[in-house]
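Below, each chain spelled out in residue letters.
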Amino acid sequence: LADVGLVAEGKNIHIAAQVEPKNDPNLKVEWELNGEVISSGSRIRTSHEFGIVTLDIESVRSSDVGIYTCKAVNMNGEATTTTSIKVKEGAPASVDGAAEVGPPKFVTQVASNIQISEGQSAHFEARLTPTEDPNLKVEWYKDGQLLQTGHRFRTFHDFGIVILDILYCYAEDSGTYECRATNKLGSDTTKGSVTCSEKSGLILTPQVPGEMKEQTLERIQHLESHKMKVSADGQSVSQSAPRFTSPISNISDLKEGENAHFEGRLLPTDDPNMSVEWFWNGKALKAGSRIRTFCDFGFVILEISPVYPEDAGEYTCRAKNALGEAVTTATLSCSGKRNIILDSQLPSGMEGAMERIAQLEGLGRARGQQENEEDLNQPPEFLSPLGDLTLSEGSLAHFETRIIPINDPSMKIEWYMNGKQLSTGSRIKTISDFGFVILEVANVMTRDAGNYTCKASNRHGETSVSCQVQVKGKQGIDTNPQLPKSFQNGTESIHNLEEKMWKREDISYEEMESKAPVFVTKPHDITCYEGQPAHFDCRIEPIGDGSMRVEWYHDGKPIQIGSRIHTINDFGFVVLDIDWTFKRDSGVYKCVATNKCGSAEISVNLNCRSKKDIIVDSQLPEGMSMDRLKELEARKREARTEEETPISKPKFLTQIKPRMVGEGEPAHFECRIEPKNDPKLTIKWFHNNKEVDFGHRFRLTHEFGYVALDILYTYPEDEGEYVCKAINELGEDITKAELKCKEMPAIQLENQVPKGMKNSEYIVQMEAAMKKYSQEMFLTEDDVYDSERRQPPRFVTQIQSVTTLEEMHATKFECQLAPVGDPNMKVEWFFNGKPLSFKTRFTPIYDFGYVAMNFGWVYPEDSGEYVCRATNLYGTDETRAIIKCSGKTGIIYESQLPKGMMSIEKIREMETGWQRAPELIEQETEKFKPCFVTKPEPVTTAEGGRARFCCRVTGYPKPRVMWLINGHTVINGSRHKLIYDGMWHLDIPKCQERDHGKIEVIARNQCGEAYATTSLSVKRRKDDYRSVLKHNVKRDYINSKEYRKPDWLIKMEQLKEKLAATEQAAKFIREIKEVRNKEGQRARFEAVFAGNPKPEITWFFQGKQLTETDNIQIKVREDSTSLTIVSCTEEHNGYYEAKAINSLGEDKTRASLTVSKVTAADKEAMERAQKAAAQRDQQKEAALKKEEAKKAPAKKVEEKKEQKVYDWKKSVKKVDKKEPVKDEPKPEKVQLKKPKIVEKPKDEPKGSEVQLKPTPPKAPKEEEKKAEVKLKPVPPKEKEAPSEPQPRAAIPTQEKPRESPKLKRVKKKGKKVSLQDTEGPMKAIADIRVKIEHGATVDEINSAFESHQYPELENAESQMAMVSVVEKVGQSTVVHEVLAQECSGKQEVDLQDIGIKAFVSTLASNSMKVDEIITQFEPEDFEEDVAATKLAVLAQEAKVCDATEKTEEVPGQTTEQMPARKVSF
């Protein structure tokens, strides 16, 4: 310990030291002040962790002056270290002390003679005057020679105390020690001697294992007599070769610091010429402080304590004599402790403290919480009361409650016991965080019983909650003083210290209104018996007067406060408690209250009656009557007569019977036996062949031939067979029975909420939980658990994927689950299909509908899919998301050990040097996992070109390196060359198109692995004409054996299979919404549902089931349903409800319809809208009929009227023509922009009719050429100038348009789409999906598309495929809404981004899961003819939308006056 020296009064002191061993569970550390043990409390705190012992003293006082000794004791010895503390008081020291200096004189002498054994410590101590002489010199001498202090000899001189400590004594330390004190006025000496007995080289204490203790003496005598005979006969020759009858066993799964024990048995046991040797990995093993060997009585033992990872290996025991040798071998494996402590060191119940620390440090969501703190305007309120406790002495008292508001920075929590504020210490701990308020009192004592109050206050108010605690004391408490003889006045000192501790310090409040004390209530007289407690309480005013002093007197004498008598004065309550009373406590007790304005007193009587010396009351047990007592006494008289009868062999007259009890219940076995009067009859009970140890739970009864065994409360481990055995000199008898104990569940599944709690209280709890976790509440009153409704689980919100994490970052999954309060609800987490085991890093939460999984920090191996599954008696539901975590780059060279632990390696180096001989130490290379020094770079080459990748990897042992191309392992051969010349190389002499993609390299050794990735881009040759040959010689790679499906396609197929195989209760993903209409208008309710098997849908109006009529239309699709009221009236006002039911559960959604009356103007507008809708429907039907007519291969169209044809491969010109009103509108021709580079045949047809689907050639129409109109700028080509100016002003025709980054694609007519053609668009769609999950908005995705970040989607096939998928999932209304927005107020419509807008809008909505939408893509959706058909339908709808808008705006205007809208792609 460091010397503290002089400290100013009121300062804080911190003393620390290191002690070894660190991992000894039997190590006990005590602190002493001037030879007295220090008791820790709120001001003085001690700790002992990781080999560091500390003493902290807050606000040091003059009473803390003295010598502080830290004593460490374990089974092998003890060690002490001392320091001193001086306190500088506020007032200057008196100068008179200097005049009192005289010659030195030893007030007490050192011990005259200390007798110890080798290895123990010696301690000399004496007191010396004067204490303040600066010229005093103290020296120690041994046998007349000056003693030099060192690591074993430590001296101390301060405060008039001189100490000499010899830490580890040897025999040569024996002698006379003299302490000589000298100053200018004289000198004085004191002497003492030390006698240290040397340890014997022979072990004289028995070293026999436990199973041989009974026969030890006989066996030793037999061996010694045999040895004497052998020595007498002169036979010293071995009789047989050594042989191991029991070999040593392997030891595995040891952890650093534990003990290793090898044991074997050897024959012959009495060969004096036999030698036994131990070897480690073939090298001789030498015994030391950690390694001990034993060989005697045929046992060979090796113990290693403690064990380190360096001790792992093969251990061999070899026994040899003149006739031969025997060998036995075993292995030892030991795992080392981690240098970095990854496990949380926080106490239980503080698992969320890391987030709290982050909040305090300004990290995490601190900014969001500060906003909440400003909004708090609420006094504190406790959500749950404190329960009364009845505890046994020495147990743990745990108080827990919850409080709101949670995030109030002004909240202050205080605990009081019997009105006195509690201070935290080593035994009392308090926690107040996240809305939880906890108090734990360890090792409770009888004085801890009383009233506990938790008081919470903030700037808006205060509240409190209380409970009662009763502590049952243990019997056999020694109430006599345990003070040493030298501590004569110890009792008075203890009383003074306790009085200071219990008494409240005076605090003056000058600003408080002064008032003389007045007793509001009076205590009552008490009459009790000796040993019972006594309690006096009264109330006094004023309450908050800090100058008030309250004193108690017994018969006119002040009461000394101590461990038996306590007083309380707080909150106006004055209490006197006497834990147990004696006869001498009887008398008059007076309470006197005094302040600066006056005083008041009140008296009360206590009458304590002493217990009678003669017990007159009946002591019979319950149920024992006088007749029963006479019967027992009659049996005693019979027993006296039977004493003369001969004693026989024991025999059980009745047998014990099997029992079946519940956990915690008592168990009772009884039987009867004879002879009754045999004094040598012994009864033994056995449980599973082991004798029962009788104690506090097991009680044995044996009287008058009655035998019983009582188990006061049973545990599951008490199950088994119980045998009662009776033994005497003539024989024995047994009786058996089975005991079965039903284990109680560790988790209470029953609802603990009182029956009177209503749903509103549940909602308050849910709101408090969501507020605590900063969640917006999506749960409603219908989500509260009701056993009669049979509610299946339902995730109201889903967990979201996180794909941008780095190693050691924290993240969280959170969602909301209904029903709330279901006692049978089970929430499970899975990682990649396997159950997720909760660790320190993974913390699950399930709190009033709030479900979360906290990740303290993540590693790259945590990347994958996480599923949260909820199950109850009525169904299951699950939500899933993914985590992607990238590892940190670089090598960490700095030590990760905490400060002060840098000496660990040095300690291990020294220890390994002690346990090995110098010649056996070998140079070992440190093992470490692989790491990429240089990573492979991306390569771009042409088809048939050469590609080479190289990397450099470090690691020991030398790692193995594996290369992968597109997920397939590379094998050294003619196509791929694997070379190592100090660097690892992958050579591809001739690259093929299938080599294009991802290149991965993995390096592994026994310590771990490293991973790197790059890419290879293979460009197609420009002179490759294989694709246009009549007989294509190019290999069909898709249908070849080498072809492997891409990862995205495999994952999509797996998702489809999981979705198809997963059973799910019926639920509504998107609920119906409220509708407000006028009379005569159309009302529509639409909902989207999910479930497997497919649910049945039923519609209700005001609780009555609806059926389909002419006015009410009900439609049920694959995953959506709708209810349409064609013409609304006031009779349709009310609530409409849709219910989905399948075998796993049901769900319902509800909304209202409000119909209001219409005016005459409204009726005219509605009639116009109906006419326009009817005309639009007719135009759609006509357009569809014409499209079907075009697809017929044998039909030739011979129409002289001008038609508009959609050509999505070539630019089409279009002329504006006003059509007659009577004629039906013709399908408008749409011009599609061509890709950037298109290889066209030499002979291009002149006709403008373009085939939308590969069909036999048709006769071109001559009049089409003049109908072509260029609607949008295209890349400049050698063509005629456009007949009209460009319709879009944003891109002027004079400027050269920028090149479109669309895919370069040439397709033959009729060719099917392959997986390679869809791979590019699907990767872009997957990228959009990830961005949507990470919070990207619809506008951000559309902007990225317009800036050409997704060139794979800038073609007609991809756009129309996305439109098809949106319609498949029942979101066709989204497509119509996007189309209406594009057509609104425009004369030209560009359909090149309609697919991406509709698709992104569908993904961004919360109505469906993202995976369910993406898995709807099929390769057929990207085919040319499918896209052309879909595009033609959308263009026709754009034209119809134009006509409808014009009609609605100007009812009197005809279609002849409306110019046709221009459509392009």
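Residues numbered from 1 in each chain as written. Predicted model: local features only at pLDDT ≥ 70, side-chain atom pairs only at ≥ 80, totals over all residues. Heavy atoms only, no water.

1. Quick word on the overall build of the protein
For clarity, the threshold we go by: Each helix is a run of H or I in the DSSP string that is no shorter than four residues. Each strand is a run of E no shorter than two, and both are numbered from the N terminus. Burial here depends on accessible area, computed with a 1.4 Å probe over protein chains only, as a share of the maximum for the residue type. Under 20% is buried, over 50% is exposed, and the range in between is partly exposed. The contact definition used throughout considers only heavy atoms, calling two residues in contact when any of these lie within 4.5 Å. Shrake-Rupley sampling with a 1.4 Å probe provides the accessible areas, and residues are treated as covered by the protein chains on show and by no other component.
Across its full length, the protein carries 16 helices and 82 strands. Looking at the 1465 residues of the protein, the share that counts as buried comes to 38%. Of the contacts made within the protein by residues no fewer than 6 positions apart, 67% connect residues no fewer than 24 positions apart. Total accessible area computed for the protein in this model is approximately 87,200 Å², and 50% of it derives from carbon and sulfur atoms.

2. Describing the sheet that holds strand S74 (residues 1083-1092)
Quick note on the threshold: Only strands that DSSP links by at least two bridges are regarded as paired with each other. With axes taken as lines fitted to C-alpha atoms, and helix axes fitted only over the stretch in contact, angles between N-to-C directions fall between 0 and 180 degrees.
Strand order in the open sheet formed by 4 strands is S72-S74-S78-S77, and the pairing between neighbours is antiparallel. At either margin of the open sheet sits one strand with a lone partner, and together these are strand S72 (1064-1070) and strand S77 (1112-1116). Taken pair by pair, the neighbouring strands of this sheet meet at an average axis angle of 20°, ignoring direction. Bridge count for S74 against strand S78 (residues 1120-1125) is 6 bridges, and the pairing is antiparallel.

3. Looking at helix H11 (residues 1338-1346)
One full turn of an α-helix is made of 3.6 residues, so residues set three or four places apart face in the same direction. This is how it is decided: Our arc is simply the arc of the directions from the helix axis toward the C-beta atoms.
Turning to H11, its buried residues are Ile1341, Asn1342, Ala1344 and Phe1345. Viewed end-on, H11 has its buried residues packed into an arc of 160°, placing them on one side of the element. Directly after H11, the chain includes histidine 1348, whose backbone phi takes a positive value near 65°.

4. Thoughts on the environment of serine 197
Position of serine 197 among the secondary structure elements: in strand S17 (residues 186-197). A residue is classified by how much of its surface remains accessible, and serine 197, at 39% relative accessible area, is partly exposed. Counting along the chain gives 78 residues from serine 197 to glycine 119, while the straight-line C-alpha distance between them is 9.6 Å. Each residue touching serine 197, except ones within four places of it in the same chain, is listed here: Ile116, Ser117 and Glu118.

5. What to know about the packing of aromatic side chains
Keep this limit in mind: Each Phe, Tyr or Trp ring, with Trp reduced to its six-membered ring, pairs with another whose centre is within 6.5 Å; inter-plane angles below 30 degrees give stacked pairs, above 60 give edge-to-face pairs, and intermediate values give tilted ones.
Taken as a whole, this structure holds 21 aromatic pairs when the rule is applied. Plain terms: the ring middles of phenylalanine 842 and phenylalanine 855 are 5.2 Å apart, the flat faces sit at 70° to each other, and that makes the pair edge-to-face. With a gap of 13 residues between them, phenylalanine 842 in strand S59 (residues 842-847) and phenylalanine 855 in strand S60 (residues 850-855) connect regions that are remote in the sequence. Residue phenylalanine 842 shares its accessibility class with phenylalanine 855, and that shared class is buried. Following the ring pairs from residue to residue traces out a cluster consisting of Phe813, Trp829, Phe831, Phe842, Phe855 and Tyr866.

6. A closer look at the sheet that holds strand S13 (residues 145-146)
Spatially, S10-S17-S16-S12-S13 is the arrangement adopted by the 5 strands of the open sheet, whose pairing is mixed. In the strand order of this sheet, the two ends are held by strand S10 (113-117) and S13, each with one partner. Relative to strand S16 (residues 175-183), strand S12 (residues 137-142) is paired through 6 bridges, and the arrangement is antiparallel. Bridged to tyrosine 141 within S16 is glutamate 178.

7. Observations concerning the confidence of the model for the protein
Stated precisely, the cut-off is as follows: pLDDT: the predictor's confidence for each residue, scored from 0 to 100.
The predicted model of the protein has a mean per-residue pLDDT of 77, with 74% of residues at 70 or higher. Model confidence for the protein, summarised as mean pLDDT per element, is weakest for helix H3 (residues 366-375) at 43 and strongest for strand S61 (residues 864-872) at 94. Across residues 917-923, confidence stays below pLDDT 50; counting only partners more than four residues off in sequence or on other chains, it has 7 contacts. This model gives residues 1442-1458 a pLDDT under 50, and the stretch forms 27 contacts once residues within four places in sequence are excluded.

8. Regarding a nonpolar patch on the surface
Filter applied, for reference: Like charges within 9 Å and nonpolar side chains (Val, Leu, Ile, Met, Phe, Trp, Tyr) within 5 Å are joined into patches, using only residues over 30% in relative accessible area that form no salt bridge. Each salt bridge in this description consists of a side-chain nitrogen of Lys or Arg and a carboxyl oxygen of Asp or Glu lying within 4 Å of one another.
Residues Ile543, Phe571 and Phe573 make up a contiguous nonpolar surface patch of about 270 Å² in total accessible area. On the secondary structure map, phenylalanine 573 appears in strand S42 (residues 573-578).

9. Quick notes on the packing of helix H13 (residues 1372-1383) against helix H14 (residues 1394-1404)
Going by this rule: Throughout this description, any angle smaller than 35 degrees is read as roughly parallel, any larger than 145 degrees as roughly antiparallel, any in the 65 to 115 degree range as roughly perpendicular, and the remainder as oblique. Left-handed describes a crossing whose near helix is turned anticlockwise from the far helix through less than a right angle; right-handed describes the clockwise counterpart. Only Asp, Glu, Lys and Arg are considered charged, only Ala, Val, Leu, Ile, Met, Phe, Trp, Tyr, Cys and Pro nonpolar, and every remaining residue, Gly among them, polar.
Viewed as axis vectors pointing N to C, H13 and H14 meet at an angle of 130°, and their least axial separation amounts to 9 Å. The angle between H13 and H14 falls in the class oblique. Note that H13 runs across H14; the crossing there is right-handed. From H13, Val1374, Val1375, Val1378, Leu1379 and Glu1382 reach across to H14, where they touch Ile1394, Lys1397, Ala1398, Ser1401 and Thr1402. Broken down by class, the residue content of the contact of H13 with H14 amounts to 6 nonpolar, 2 polar and 2 charged.

10. Let's talk about unusual backbone geometry
Here the amide bond leading from glutamate 20 into proline 21 is cis, since omega sits at 0°, within 30 degrees of zero. Considering the arrangement of structural elements, one finds proline 21 in the loop between strand S2 (13-18) and strand S3 (28-33). Residue isoleucine 404 is joined to proline 405 through a cis peptide bond whose omega torsion reads 0°. You can see proline 405 is positioned in the loop between strand S29 (397-404) and strand S30 (412-417). Phi at asparagine 281 is positive, roughly 55°, even though this residue is not glycine. Note that asparagine 281 resides in the loop between strand S21 (275-280) and strand S22 (283-284). For asparagine 281, a relative accessible area of 39% gives the class partly exposed. Unlike most non-glycine residues, asparagine 443 shows phi in positive territory, near 50°. Position of asparagine 443 relative to the elements: it lies in the loop between strand S33 (436-441) and strand S34 (450-458).

11. So, the pairing of strand S53 (residues 731-742)
Bridge count between strand S46 (residues 659-662) and S53: 4 bridges; the pairing is parallel. Opposite methionine 660, over in S53, you have lysine 740 as the bridge partner. Between strand S52 (residues 720-728) and S53, which pair antiparallel one after the other, the connecting turn spans 2 residues.

12. Brief notes about the packing of H11 against H14
Where H11 contacts H14, the two axes come as close as 10 Å, and the packing angle between them is 150°. The orientation of H11 relative to H14 falls into the category roughly antiparallel. By crossing handedness, the relation of H11 to H14 is classed as right-handed. The segment H11 lies against H14, with Val1338, Ile1341, Asn1342 and Phe1345 engaging Ile1396, Lys1397, Val1400, Ser1401 and Ala1404. Of the residues that constitute the contact of H11 with H14, the class distribution is 6 nonpolar, 2 polar and 1 charged.

13. Details of the environment of glycine 705
Here glycine 705 is to be found in the loop between strand S50 (698-703) and strand S51 (706-711). Sequence-distant contacts of glycine 705, defined by excluding residues within four places in its chain, comprise Cys671, Arg672, Ile673 and Lys676.

14. Considering the side chain of threonine 941
Along the chain, the position of threonine 941 falls in strand S64 (residues 939-942). The exposure class of threonine 941 is buried, given its relative accessible area of 12%. Setting aside its immediate chain neighbours within four residues, threonine 941 contacts Arg946, Ala947, Cys991, Leu1016, Ser1017, Val1018 and Lys1019.

15. Quick word on helix H8 (residues 1047-1061)
The cut-off we apply is this: One less than the number of residues in a helix, times 1.5 Å, gives the span that helix is expected to have.
With 15 residues, H8 should reach 21 Å at 1.5 Å per residue; the first-to-last C-alpha distance of 21 Å fits that figure. All buried positions along H8 are accounted for by Trp1048, Leu1049 and Met1052. Down the axis of H8, the buried set is contained in an arc of 100°. They therefore lie on one face. Away from its buried face, by an angle of more than 90 degrees, H8 presents the exposed residues Asp1047, Lys1051, Glu1057 and Ala1061.

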